[in-house]
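Structural overview
Single-letter residue listing:
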Amino acid sequence: MSAWKDYSTAALLGTGKGALPTMPSQLQAVAGETAALSEEARFLTQAGALALWRRAGWQPSASEAEIFPCEAETTAPLGRASVGHLRAMISGSNAGVFPEWLAEAARLGRHLPPEYLPALLDRARQDRSLRPLVLSAGGRRALWLAAQNPDWSFAQSEAPDAWETGSRDQRVAVLRTLRTSEPAEARARVESVWKTEPAELRAAFLAEFATRLSEEDAPFLESTLDDRSKEVRRVAVDLLARLPGSPFVERMIARAAPLIIFQRGGILSRSSLEVTLPPDPDPVATRDGLDPKAFGPQKVLGDKAVLLVLILSAVPLQHWTETFGKDPAALLKAAEKSEFARALATGWSWAAWRQRDAAWAAALLDGPVLAHSEFLPTGPLLTLLPEAERAARLTAHIRAGAMGKAGSDLWIGCLTELAGFAGRAPAALVKEGLAELRASVAGGLPWHFRAPVEAWLLRLPAAQLSTAATGWPAGQEGVDALVDLINFRHDALTALTQP
Amino acid sequence: MQILTTEQVLALAPDPASVKAGQGLANPGKWVSLGRSERSVWGECQGSGKDPYRTQADMNGPAFHCSCPSRKFPCKHGLGLLLLLAAKSGRVAEGAPPAWVEEWIAKRDASVEKKAAKAEAEAAPPDPETAAKREADRTKRAAKREDRVRAGLAELQTWLGDLTRQGLAHAKQQPAQFFDSMAARLIDAQAPGVARRVREWPGIFASGEGWADRALAEAGSLQWLLHGYQRLDALPEGMRASVRSAIGWTMTEQELATLESTRDRWQVLGQIVEDEEKLRVQRTWLVGEKSRKPALSLSFAAVNQPLDVSLIAGTTIDAEVVFHPSGAPLRALVRERHGEPVSLAEPVAHASFAEALAQTATLLSGDPWLERTPWVVRDCHPLRAGKAWLVRDAAGAVVPLARQFANAWPFLAASGGAPATVCGEWDGRSLFPLSIMAGGRFIALGGPLT
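Conventions we followed
Residues numbered from 1 in each chain as written. Chains lettered and ligands numbered in written order. Predicted model: local features only at pLDDT ≥ 70, side-chain atom pairs only at ≥ 80, totals over all residues. Heavy atoms only, no water. Helix = DSSP H or I, 4+ residues; strand = E, 2+ residues; numbered from the N terminus. Rg over C-alpha atoms; globule rule 2.2 N^0.38 Å. Buried < 20%, exposed > 50% of the residue type's maximum accessible area, 1.4 Å probe, protein only. Contact = heavy atoms within 4.5 Å. Areas by Shrake-Rupley, 256 points an atom, 1.4 Å probe, with all protein chains shown as cover. Lys, Arg positive; Asp, Glu negative; His and termini not counted. Charge placed at Lys NZ, Arg CZ, Asp CG, Glu CD. Core = buried A, V, L, I, M, F, W, Y, C linked by side-chain atoms within 4.5 Å. Pairing = 2+ DSSP bridges. Axes fitted to C-alpha atoms, helices over the stretch in contact; angles between N-to-C directions.

When helices and strands are counted, chain B shows 14 helices and 15 strands. Taking 22 Å as the expected radius of gyration for a compact globule of 450 residues, we find that chain B reaches 24 Å, a close match to that expectation. Along the three orthogonal principal directions, the C-alpha set of chain B runs to about 70 × 70 × 45 Å. Looking at chain B as a whole, 51% of its 450 residues qualify as buried. Taking as baseline every contact in chain B between residues at least 6 positions apart, the subset at least 24 positions apart corresponds to 61%. Per element, the accessible surface of chain B, about 20700 Å² overall, is 53% carbon and sulfur. Each charge sign in chain B was given a centre, from 54 positive and 51 negative side chains, and these centres are 5 Å apart.

This is the structure we're talking about:
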């Protein structure tokens with residue numbers, strides 16, 4: 001209807017600017033008698049009548065776009081209480097429970113109310129770890145919905161061309177998946193782009209070789225020892241040190257062999273280890289990562305002792321037990337009197353971690369010699385032990401008061417260890433851990449120490465949640481939130497089993 | 001007793017912070033005591049103080065009372081209590097209310113009785129002298145207001161004429177102050193309805209493509225309101241009421257009490273809360289099952305103050321409703337209820353947009369100043385069109401969804417590609433959904449989903 005267009009154009013410019021439009025003849029009657037009005041009022045009267053006429057006669061357009069309905073769910077909807085928990089977590093309270101809760105919902109054959117799926121898919125877009133969980137708990141509707149929004153395209157599986165065109169994280173994820181299924185193919189892909197990628201990405205790619213690492217990777221890893229980037233070289237050394245058959249490790253064994261001699265004890269003297277410090281690194285040794293300043297500025301270990309640690313960390317532990325015919329405990333005992341006893345323990349601890357050697361780990365934990373743990377880029381040795389032994393040691397450890405003050409390194413370490421048991425922690429361990437934790441937060445828990453506690457509380461065996469929620473110090477800052485988390489987790493998981 | 005669902009309880013929250021805090025309290029561990037009776041639910045919640053807070057809700061309403069110092073209403077304790085009841089009714093044992101609950105309930109009943117008695121006293125014929133004086137005062141006040149409104153609207157006519165002469169492109173350049181000061185003068189002139197419309201002009205200018213069309217339509221609508229006021233006596237009764245209410249005259253409860261009410265089973269189909277200057281406005285749309293008439297219940301609240309929480313979207317109530325007089329009666333007061341709300345089963349809906357548009361046209365013919373009309377249409381599908389969204393009816397007709405509607409994806413998700421009944425507000429060019437009924441589930445979409 002062009003008359004309206006005329007009015008709207010005239011209105012834009014102002015009625016003082018020229019000739020004004022006239023009403024279509026069939027509508028003149030509705031505007032009534034306007035002769036007595038001012039020009040502006042008459043204009044607005046007519047425009048108002050036209051506008052109302054247009055509004056009352058508004059016509060929809062048509063669309064024949066095809067609609068593909070989603071198939072019906074075969075799982076059961078969530079119960080009323082569970083929907084409440086879902087809403088709470090979406091709005092940010094106790095969101096740490098989300099991953100476990102989603103997995104449990106899917107396992108129990110429940111599906112989420114569809115109106116919350118957009119918020120959840122958006123969250124999964126940000127948080128990769130939630131993706132499979134949201135998709136499985138979201139039922140068929142989640143896939144159906146995600147297919148309609150490019151933002152949620154991750155639901156269609158990681159796109160195959162993500163390796164070429166994806167973001168940094170996507171490419172690393174593709175590589176990780178490929179390393180699991182076809183490690184050689186993954187290596188070939190990295191080799192093919194190696195020269196053109198920036199250092200940060202090269203290091204990230206190389207780090208993925210830890211998955212299904214094998215001797216076949218050695219030649220390529222060996223070549224990366226000449227890389228321009230220090231970080232890439234550090235990653236390469238770390239990987240090569242885990243390959244006992246590699247030329248790199250052979251070089252390290254050759255360097256290590258002359259440094260340590262086992263002196264058998266007599267009637268009056270104990271067995272001991274005689275340690276010679278390594279020489280200054282030659283260019284080949286430097287290429288192998290032997291850098292006296294590897295631990296940065298520090299006054300604990302001398303330059304040569306640092307080299308000793310680095311060499312020992314790359315030598316198969318078997319070499320020592322076989323060469324000297326002694327078990328780890330005997331070797332550590334023999335090392336005790338050496339001037340370099342702690343350097344030896346440090347190098348061996350690192351090696352034990354790299355080689356996942358439980359026997360050495362146990363001996364080092366028991367042993368009379370302490371490693372310089374501050375220089376170890378590894379997790380705690382305790383994690384290398386079989387679960388039952390680990391639980392027994394940790395229980396004894398905590399019972400002996402090892403956790404100490406909230407926020408201390410030991411306290412965080414113990415909590416991390418506790419969290420490592422996931423849902424399988426023995427009841428005695430949980431009991432000791434909780435008792436110590438309650439005692440250590442008697443004066444409140446500063447918010448910046450909450451993360452390790454929450455990480456553990458989120459992994460407490462579900463069966464022990466109801467007892468875990470009791471006995472906490474009342475009215476202490478930060479503690480109520482912990483109790484709340486335990487209760488919420490308990491309620492949320494329990495509700496999933498109810499209709 | 002009537003147990004509200006979690007969604008219904010959350011709809012009562014005055015703000016998102018209360019939702020979060022309330023959820024934190026929906027946990028039996030937080031409560032020292034808990035109980036419920038046929039009518040009320042109560043609990044003692046340990047707060048930071050020495051004595052626990054005493055929280056109670058009267059499900060006739062629902063109404064809340066709590067001994068905590070919060071100025072929010074309902075407070076987090078009230079929400080937590082009802083959320084707990086919704087999620088774990090088994091943990092709130094039935095029993096005899098303690099004295100502090102009895103007292104409050106008794107006080108509430110007493111105040112209802114007192115109000116009724118007062119209304120009765122006012123309705124009773126006073127002695128002739130007082131009556132004459134009251135009447136004279138009222139007439140004097142009313143005449144004074146008419147004078148003010150007349151002067152204010154005359155000024156508006158001049159302002160509108162100047163604006164039209166200089167053009168909308170020029171008006172768009174004016175600072176918000178230009179419109180606010182005219183609005184303020186209209187407030188002084190006791191014409192708040194017109195004042196509100198004038199204050200919304202900068203919003204129209206900022207509304208994107210087609211703003212000039214909308215601004216002109218609004219100017220034309222105001223012009224017709226000015227005509228309407230001048231010819232008030234010549235207008236039919238309903239239209240006269242519409243003009244007066246668009247200008248800003250309101251009905252008091254006493255005035256409404258004299259009007260006839262409509263009893264019906266009213267479906268509470270949609271609810272939306274909007275922020276106006278220093279004020280929250282809640283619109284609740286009802287449709288009568290027998291009459292098929294739409295009705296709009298409004299509730300106003302200052303920030304942090306309670307909105308009316310008695311109408312819960314997704315329920316049906318048996319109630320007497322009084323419509324404010326209008327050429328197109330929509331605004332209504334829920335006067336008296338019979339029995340308790342029940343879950344909504346099947347919304348009273350139109351079969352097509354064409355039917356909804358026809359109803360809109362009828363309503364506009366009675367009140368051309370209506371800013372929005374309610375639509376309830378079944379068998380609808382949301383459709384994506386680039387960045388915009390459309391909704392299609394069973395006949396294949398499509399209308400745009402409102403630009404500012406944030407829940408289009410949840411709408412699509414909940415429909416799952418199956419036809420859904422949509423309840424929403426039509427503003428003449430787009431539909432803002434307030435709720436849908438999909439797969440037998442009622443889903444409120446008028447506000448944030450969490």
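We now examine the nonpolar core. Among the nonpolar cores identified, the biggest contains 185 residues, and W101, L206, W320 and W348 of chain A are the most heavily contacted of them. When sequence neighbours within four positions are dropped, the list of residues in contact with W101 of chain A reads L78, S82, L86, M89, L112, A492, L493 and L496 of chain A. One finds M23 of chain A together with L163, L226 and V243 of chain B within the second-largest nonpolar core, a separate group that totals 49 residues.

Our next topic: the sheet that holds strand β12 (residues 397-400) of chain B. The seven strands are arranged β1(A)-β12(B)-β11(B)-β10(B)-β13(B)-β14(B)-β15(B) in an open sheet whose pairing can be described as antiparallel. Each end of this open sheet is capped by a strand with a single partner; those strands are β1 (61-62) of chain A together with β15 (441-444) of chain B. As paired strands, β1 of chain A and β12 of chain B are joined by two bridges and run antiparallel to one another. Opposite A62 of chain A, over in β12 of chain B, you have A397 of chain B as the bridge partner. Lying over the sheet, helix α13 (residues 353-366) of chain B contacts β10 (373-385), β11 (388-392), β12 and β13 (420-426) of chain B, oriented at roughly 135° with respect to β10 of chain B. Seen against the sheet, helix α14 (residues 408-415) of chain B touches β10, β11, β13, β14 (431-438) and β15 of chain B and runs at an angle of roughly 25° to β14 of chain B.

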